[in-house]
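Chain residues, written in single-letter form:
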Amino acid sequence: MNKNSSVCADMSTMADENIILFLGYRLLIKKKKKINRKMWVHPLVSSRPSEGALTLIFEGLRSDPDKFFNFFRMSVSAFDELLSTYLGEKLLKIDTNMRKAISPAEKLAVTLRYLGTGCTFQDLHYFFKLGASTIGNIVREVCNVVWEELAHIQMPPMTEDIWKDTAAKFEQHDNFPHCLGAIDGKHIRSFGKDSDSTIFKNSTFWNLLQKNELNIPESCPILNTNINADYVFVADEAFGLFQHVLRPYGEDVNTTSHRGTRSANDMRNTFADYFSSVGAVPWQHDI
């Protein structure tokens, strides 16, 4: 055998050894990653049919309308209507030989509790005795079905008359004139770490608001006054000041850098004048 043939044979042998070593390494990694499941369902979750929140407190809450509303942020009749008329069939799943499907009522209860409180999926895991990942899937499923079934009913294209009717109700109920609604955000982990303001400014609503395509009524005098004011949405300090977005009073807003900011600040000062004079009401002094 010549020298070149010997070198080629050695290289071939080394290649074979490297392949064997690589395959052995992959097998070792797989074995390390493999999880030894000692149980199919955790005892905490398996106790849900007899010890979960829906079993233990749901019927008791239904018998006390005030407690039910406080817990779910929704009346008993609204819960039943939402479930029977719009969501029930969409959320219904078939039982299998392995496990019983989660009922539409429980899915709705979990979602309302999540949206109405500061509870995390992990908090609800211990309360409803469902897996945290299962709760995340439930919340997304219910929210999607709610949007599909109710968006066209509860959020029809807004007209100027609808906006004015909304503002009249805010004024009657809250003594706040020209208010079209309140803006806030509920953080759902799938949305990432963006702030309320960032999410809002990436929304279709904000885009239409900036383009003045929401049919918002023109500014006009507040009822029984000569104070001319825009129609606005109220928001907390997480949101920026805009012509139709009114945020709480805090540090001074820069009014020299942008014409839109200047007009928004003028709008806020208009409401300040109103609430400190003719629009002042007793309950404001107690806040």
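Scope of this entry: the structure provided in the associated data block. For every chain, the first residue of its written sequence is number 1, and the numbers climb from 1 along that sequence. Predicted model: local features are reported for residues with pLDDT of at least 70 only, side-chain atom pairs are reported and counted for 80 or more only, and whole-chain, interface and lining totals are derived from all residues. Remark: hydrogens and water are excluded; side-chain values derive from all non-hydrogen atoms of the structure.

Attention now moves to the environment of F170. Strands here mean DSSP runs of E at least two residues long; helices mean DSSP runs of H or I at least four residues long; both are numbered from the N terminus. Counting through the fold element by element, F170 comes out in helix α10 (residues 160–174). Buried means the residue's accessible area, taken with a 1.4 Å probe over protein chains only, is under 20% of the maximum for its type, while exposed means over 50%, and partly exposed covers the values in between. A relative accessible area of 24% means that F170 is categorised as partly exposed. On a C-alpha basis, the gap between F170 and G181 in space is 8.0 Å, while along the polypeptide they are 11 residues apart. Note on contacts: a residue pair qualifies if any of its non-hydrogen atoms lie within 4.5 Å across the two residues. Apart from the residues lying within four places of it in its own chain, the contact partners of F170 are N175, F176, C179, L180, G181 and A182.

Quick look at the sheet that holds strand β4 (residues 232–235) now. The 3 strands lie next to each other as β1-β4-β5, forming an open sheet whose pairing is parallel. On the outer flanks of this sheet lie β1 (179–183) and β5 (245–246), each paired with one strand and no other. Of the pairings in the sheet, the one linking β4 to β5 comprises 2 bridges and is parallel in character. Of the residues in β5, the one forming a bridge with V234 is L246. Pairing between strands is defined by DSSP: at least two bridges between them are needed.

Further remarks concern the environment of N137. By secondary structure assignment, the location of N137 is in helix α9 (residues 132–154). Separated by 30 residues in the primary sequence, N137 and K107 have C-alpha atoms spaced 9.8 Å apart.

Take the pattern of salt bridges next. In what follows, salt bridge is the name for a side-chain nitrogen of Lys or Arg lying within 4 Å of a carboxyl oxygen of Asp or Glu. In total, this model carries 6 salt bridges according to the counting rule given. Between E141 and K93 there is a salt bridge, with the nearest N and O atoms lying 2.8 Å from each other. Taken together, the residues span a long stretch of sequence, with E141 in helix α9 and K93 in the loop between α6 (76–91) and α7 (104–116) at a distance of 48 residues. Since its relative accessible area comes to 22%, E141 is described here as partly exposed.

The subject of this paragraph is a nonpolar patch on the surface. Within this analysis, patches are made of residues with over 30% relative accessible area and no salt bridge. Like charges are joined at 9 Å or less; nonpolar side chains (Val, Leu, Ile, Met, Phe, Trp, Tyr) at 5 Å or less. Surface accessibility in these figures is a Shrake-Rupley result with a 1.4 Å probe; residues are shielded only by whichever protein chains are displayed. A grouping of L56, I57 and F127 is seen on the molecular surface, where their side chains present a nonpolar patch of about 250 Å² in accessible area. With respect to the secondary-structure elements, L56 resides in helix α4 (residues 53–62). Note on L56: relative accessible area 56%, which makes it exposed.

The next thing to look at is the packing of aromatic side chains. Aromatic contacts are taken between Phe, Tyr and Trp rings whose centres are within 6.5 Å, Trp giving its six-membered ring; a plane angle under 30 degrees counts as stacked, one over 60 as edge-to-face, and the others as tilted. Counted under the stated rule, the structure contains 15 aromatic pairs. Here F200 and F205 contribute two aromatic rings whose centre-to-centre distance is 6.0 Å and whose plane-to-plane angle is 40°, an arrangement assigned as tilted. In this structure F205 comes out as partly exposed when scored by relative accessible area, which is 28%. Comment: the charge-over-ring label is applied if NZ (Lys) or CZ (Arg) is within 6 Å of the ring centre and within 35 degrees of the ring normal. When the ring centre of F71 is taken as origin, the NZ or CZ atom of R113, which lies over that ring, is 4.0 Å away.

Inspection of the secondary structure assignment puts T198 in helix α11 (residues 196–201). Between the C-alpha atoms of T198 and F239, which are 41 residues apart in sequence, the distance is 8.6 Å.

Okay, the side chain of K107 next. As for its position among the elements, K107 is in helix α7. For K107, the contacting residues outside a window of four places in its chain are L91, K93, I102, I138, E141 and V142.

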